[in-house]
Amino acid sequence: MILLIGQGLSMLKVELVYATIEAQEILQLTVKEGADIATCIEVSGITSKHPEIDLTTMKVGIFSQVKPLSHVVNEGDRIEIYRPLIADPKAVRRRKAELAGKN
């Protein structure tokens with residue numbers, strides 16, 4: 001799926017990724033140079049397909065690095081929308097270590 005924003009010669013290709021427990025959504029976007037993450041998400045229409053996406057509480061990033069919605073994207077960036085964690089990874093590791101120590 002390719003979406004176009006704006007007109008002109010300075011266009012960038014980026015990818016938008018959102019994963020649910022069941023599936024992964026990967027969208028290919030073409031956006032005007034200077035577009036930020038929020039704009040890319042908005043024009044992709046992903047929030048219509050996935051109404052559980054709440055950008056006021058969910059983090060976003062590029063290539064696993066958390067970024068603000070105002071971050072300007074670059075050619076080839078992979079924008080990721082992160083779901084909230086079900087369990088704290090540190091607490092899970094700590095619990096596993098405690099259990100391993102008892103055996």
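Residues numbered from 1 in each chain as written. Predicted model: local features only at pLDDT ≥ 70, side-chain atom pairs only at ≥ 80, totals over all residues. Heavy atoms only, no water.

**Observations concerning unusual backbone geometry**
Just so we agree on the cut-off: Each helix is a run of H or I in the DSSP string that is no shorter than four residues. Each strand is a run of E no shorter than two, and both are numbered from the N terminus.
Backbone geometry places Phe63, a non-glycine residue, at a positive phi of 50°. Within the secondary structure layout, Phe63 lies in the loop between strand E3 (59-62) and strand E4 (65-67). Of note in this structure, Ser64 is not a glycine but carries a positive phi near 70°. With respect to the secondary-structure elements, Ser64 resides in the loop between E3 and E4.

**Let's talk about the sheet that holds strand E5 (residues 78-82)**
To be explicit about the condition: A pair of strands is labelled paired if DSSP reports no fewer than 2 bridges between them. Helix axes use the C-alpha atoms of the stretch in contact, all axes being lines fitted to C-alpha atoms, and the angles between their N-to-C directions lie in the range 0 to 180 degrees.
Read from one edge of the open sheet, five strands run E2-E1-E5-E3-E4, paired in mixed fashion. Each edge of the open sheet carries a strand with a single partner, namely strand E2 (24-32) and E4. Looking at each pair of strands side by side, their axes are set apart by 35° on average, direction ignored. Where E3 lies against E4, three bridges are found, and the strand directions are antiparallel. Paired with Val60 across the bridge in E4 is Lys67.

**Some details on the environment of Pro84**
Applicable threshold: Each residue is placed in one exposure class: buried if its accessible area under a 1.4 Å probe, protein chains only, is under 20% of its type's maximum, exposed if it is over 50%, and partly exposed if it falls in between.
Looking at where Pro84 falls in the secondary structure, it is placed in the loop between E5 and helix H3 (89-102). The class for Pro84 is exposed, based on a relative accessible area of 60%. The spatial distance from the C-alpha of Pro84 to the C-alpha of Met58 is 6.6 Å, given a sequence separation of 26 residues.

**Observations regarding H3**
Formally: Any helix carries an expected span of 1.5 Å times its number of residues minus one.
With 14 residues, H3 should cover 20 Å at 1.5 Å per step; its first-to-last C-alpha distance of 20 Å lies within 8% of that length. Within H3, only zero of the 14 residues are buried, which leaves the element largely exposed.

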